[in-house]
Structures are given as structure tokens and as C-alpha cells.
Amino acid sequence: MKHLKKGEFYGQTNKTICFDGITLTDTVYTHPKVDWHYHEHAYFTFILQGNVIEGNKKEIYNCSPGSLLFHNWQEAHYNIKPEGFTRGFHLEIEKQWFDDFALSIEGLQGSTKILDPSIKLLMYKIFRASKLENNQSDLSTQTILLELLYKLQNNTDDVLFKNPKWVVIIDEILHEQFAENLTLDYLSKIADIHPVHLSRDFSKYFDCNLGEYIRKLKVEKALSLMALQKQSFTEIAYQCGFSDQSHFNRCFKEMNGINPSEHAKILFQK
């Protein structure tokens with residue numbers, strides 16, 4: 001089985017950045033199929049454009065723009081790339097980096113597909129930081145990565161200790177219907193929980209209030225649609241459930257620190 005070293009991925013590498021035990025790689029996937037292989041270090045795969053199918057010993061993931069996977073080190077997997085342009089952003093973390101920060105990821109075994117919009121938004125920030133030509137990008141990346149791993153570890157701990165059933169139901173509904181005009185009464189009836197209980201305890205399990213979580217889902221979906229380059233910002237705004245483009249722009253900047261056009265410029269720059 002092929003063993004890939006640091007910064008080594010199948011395809012055409014656009015850019016590689018290495019510092020303090022972290023390697024960032026922007027890669028265009030060029031192989032229709034990549035047989036079973038594994039990587040030397042733990043790493044994230046973040047699909048920026050296009051589609052790819054990844055399989056491991058337990059699951060198969062259909063990945064589109066905005067899909068985020070975490071792989072623990074030496075986790076065997078294979079890839080299939082459908083026709084069309086596909087580009088991925090990879091963040092590798094050497095074991096020494098975890099040791100230096102006294103971090104443990106023993107609970108993050110194998111490969112995991114991450115659905116939490118908060119974590120995905122943080123990965124977009126790391127990607128954009130990697131495109132900045134200044135001395136602060138390394139510090140910014142490490143700071144954001146620590147926050148990301150903290151959230152990811154908390155999510156894993158929640159699963160291990162089993163969240164209440166209503167938390168799972170609400171999360172599924174919000175991921176499926178975030179663009180609709182949801183009400184507290186509607187959500188509480190479906191999850192069979194009192195509206196006051198839902199409103200009061202939501203932040204305990206989602207690390208933000210209900211309204212903010214829905215906005216994160218909307219913005220994260222907008223980011224994935226922007227990568228397709230098929231719709232205007234106005235069309236994307238309405239598809240994601242924003243009242244108008246102005247509302248979309250405000251929420252987007254609140255979550256990302258920049259406006260949609262600035263993000264698009266960074267994403268598609270050569």
C-alpha cells in the first residue's frame with residue numbers, strides 16, 4: 001500500500017506552506033481513481049471545488065464543495081474523482097505539534113466527515129489566511145486550528161456521552177430546512193420538547209444560540225454554492241434563505257470577516 005509523506009497528494013500542487021509542524025497544500029485532483037493508500041500525518045481534506053468520492057474500511061463519503069474530512073494518521077482510504085475540475089485544500093498536522101500543545105486526539109480515530117458549520121467556517125478562515133502574503137498568516141493559522149480542534153474534540157465527546165435525542169433531531173432538521181422560515185413552535189413540536197427548554201438549552205449543545213446556528217448554516221451553504229460559479233450573489237442569497245442580498249452580505253461578513261466578493265477573489269485567484 002502506498003505511503004504518502006508530508007505534503008504529498010495525488011494531483012497538481014498549486015501551493016505548499018510548511019511551518020512549525022503544519023503543512024498546508026492546495027491541490028488540483030487529476031487522477032480519476034487513486035487506489036488504497038495512507039498518509040504519514042493526521043490531516044484535514046477540505047473540498048474547495050468539484051467532487052470526489054472517498055472510501056475507507058467503514059464508510060464512503062460523497063464530497064462536494066464545502067465537504068470537510070478529518071483523517072487520523074495512517075488511516076487507509078481510496079479516492080474516485082468524477083469528471084470535471086476538483087480542488088482540495090489539505091492541512092496536515094505532525095504528531096510533534098499535538099505534543100507541543102499537549103493535545104490528544106485519541107477520540108478522533110479513523111476518518112470523520114465533519115458537518116458542524118462552525119468548524120467549516122473556521123477551515124475557510126485558515127484557507128484564506130494561507131493566501132495572505134504576510135508574517136501573520138502562520139500565527140493566524142495556528143490560533144484558528146487550535147479553536148477548530150477544540151470544537152471537534154468537544155463534538156466527539158458529545159457523541160461518546162450521547163446527546164439527548166432532541167439534539168440529534170433538531171440538528172438534522174436545521175441542516176435540511178435552514179433556508180425555510182422555521183419557528184420555535186415548529187421545531188419544538190417535531191423534537192417533542194418544550195419551546196422554553198429548546199431555547200434555553202440549545203447553546204449548551206451547539207455552542208451558540210438557535211438564530212446564530214441557522215445563520216452559520218446559511219452562510220456555510222452560500223460558500224459552497226459560490227464555489228460552483230453558477231449563480232449570482234443575489235440568487236445564492238435567496239436560495240440560502242436570506243431576505244435579500246444586503247442581509248446576506250451582512251451575515252457573510254459577520255461570519256467570515258470579509259464580504260462575498262472578497263472571498264470569491266481569494267478562492268479563484270491563480
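Reading the values: rules and limits
Residues numbered from 1 in each chain as written. Predicted model: local features only at pLDDT ≥ 70, side-chain atom pairs only at ≥ 80, totals over all residues. Heavy atoms only, no water. Pairing = 2+ DSSP bridges. Helix = DSSP H or I, 4+ residues; strand = E, 2+ residues; numbered from the N terminus. Axes fitted to C-alpha atoms, helices over the stretch in contact; angles between N-to-C directions. Core = buried A, V, L, I, M, F, W, Y, C linked by side-chain atoms within 4.5 Å. Buried < 20%, exposed > 50% of the residue type's maximum accessible area, 1.4 Å probe, protein only. Contact = heavy atoms within 4.5 Å. Phe/Tyr/Trp six-rings, centres within 6.5 Å; stacked < 30°, edge-to-face > 60°. Expected span 1.5 Å × (residues − 1). Arc of directions from axis to C-beta. Polar contact = N/O pair within 3.5 Å; in protein donor to acceptor, adjacent residues only side chain to side chain. Salt bridge = Lys/Arg side-chain N within 4 Å of Asp/Glu carboxyl O.

J.: Requested: an account of the sheet that holds strand E5 (residues 42-49), with residues and values cited.
T.: Picture the strands of a sheet paired through backbone hydrogen bonds; they go either parallel or antiparallel. Strands sit in the order E2-E3-E10-E5-E8-E11 across an open sheet of six strands; the sheet is antiparallel. Whereas interior strands pair on both sides, the edge strands pair on one side only; in this sheet they are strand E2 (12-19) and strand E11 (111-114). Across the sheet, the axes of successive neighbouring strands diverge by a mean angle of 15°, strand direction being ignored. Pairing between E5 and strand E8 (residues 68-71): four bridges, direction antiparallel. Residue Tyr 43 lies in a different strand from E8, and its bridge partner there is His 71.

J.: Quick rundown of the sheet that holds strand E1 (residues 2-4)? Include the residues and the values.
T.: The strand order across the open sheet formed by five strands is E1-E4-E9-E6-E7, and the pairing between neighbours is mixed. The open sheet has two free edges, formed respectively by E1 and strand E7 (60-63), since each of these has just one partner strand. Strand-to-strand twist in this sheet, taken as the mean axis angle between neighbours without regard to direction, amounts to 30°. Where strand E6 (residues 52-55) and strand E9 (residues 77-80) come together, three bridges link them in antiparallel fashion. When the bridges of E9 are listed, Glu 54 appears paired with Asn 79.

J.: Could you give an account of the nonpolar core, with specific residues and numbers?
T.: In this structure, Phe 44, Leu 91, Met 123, Ile 126 and Leu 145 are the most contacted members of the largest nonpolar core, which totals 47 residues. Top element by residues in this core is helix H2 (residues 117-130). It accounts for seven residues. Not counting residues within four places of it along the chain, the set of residues in contact with Ile 126 comprises Leu 24, Phe 89, Leu 91, Thr 141, Ile 144, Leu 145 and Leu 148. The next biggest cluster of nonpolar side chains, apart from the first, holds 18 residues, and it includes Val 167, Ile 170, Leu 182 and Phe 206.

J.: Break down the packing of aromatic side chains for me, with residues and values.
T.: Enumeration according to the criterion identifies 13 aromatic pairs in this entry. For the ring pair Phe 202 and Tyr 213, a centre distance of 5.8 Å and an interplane angle of 70° mean the geometry is edge-to-face. With a gap of eleven residues between them, Phe 202 in helix H6 (residues 195-206) and Tyr 213 in helix H7 (residues 210-226) connect regions that are remote in the sequence. In this pair, the class of Phe 202 matches that of Tyr 213, namely buried.

J.: So what's going on with the pairing of E7? Residues and values would help.
T.: By the alternation rule, side chains of E7 split into Tyr 61 and Cys 63, which are all buried, and Ile 60 and Asn 62, of which none is buried. Pairing geometry for E6 and E7, over four bridges, is antiparallel. If you follow Ile 53 over to E7, its bridge partner there is Asn 62. The hairpin formed by E6 and E7 contains four residues between the paired strands.

J.: Summarise the environment of Ile 105; cite the residues concerned and give the values.
T.: Topologically, Ile 105 is positioned in the loop between helix H1 (95-100) and E11. Classification of Ile 105 by relative accessible area gives buried; the value is 7%. Here the alpha-carbon distance between Ile 105 and Glu 94, two residues eleven residues apart in the chain, equals 12 Å. Every residue in contact with Ile 105, bar those within four places of it in the chain, is listed here: Ala 42, Phe 70, Asn 72, Trp 73, Phe 98 and Gln 153.

J.: Which residues make up helix H9 (residues 245-256), and what values go with them?
T.: Note on helix geometry: an α-helix contains 3.6 residues per turn, so any two residues three or four positions apart are oriented the same way. The end-to-end C-alpha distance of H9, which contains twelve residues, comes to 16 Å, matching closely the 16 Å that a straight helix rising 1.5 Å per residue would cover. Within the span of H9, buried status applies to Phe 248, Cys 251, Phe 252, Met 255 and Asn 256. The buried residues of H9 all sit within an arc of 110° when viewed along its axis, so they share a single face. Opposite the packed face of H9, turned more than 90 degrees from it, sit the exposed residues Arg 250 and Glu 254. Packing partners of the buried residues in H9 comprise H2, H7, helix H8 (233-239) and helix H10 (260-268). Put simply, Asp 244 is the residue that caps the front of H9, since its side-chain oxygen is 3.1 Å from the backbone nitrogen of Ser 246. Remark: Gly 257 follows H9 within two positions and exhibits a positive phi of approximately 85°.

J.: So what's going on with the pattern of salt bridges? Residues and values would help.
T.: The full count for this structure, using the stated rule, is nine salt bridges. Asp 26 is the partner of Lys 131 in a salt bridge, and the nearest nitrogen-oxygen pair spans 2.8 Å. With Lys 131 in the loop between H2 and helix H3 (137-160) and Asp 26 in strand E3 (residues 22-29), the pair connects residues that are 105 residues apart, well separated along the chain. There is no split in this pair, since Lys 131 and Asp 26 are both buried. We note a salt bridge from Asp 201 to Arg 200, for which the minimum N-O separation is 3.1 Å. A relative accessible area of 14% places Asp 201 in the buried class. Judged by its relative accessible area of 56%, Arg 200 falls in the exposed class. What you see here is one network of salt bridges that share partners, running through Asp 26, Arg 87 and Lys 131.

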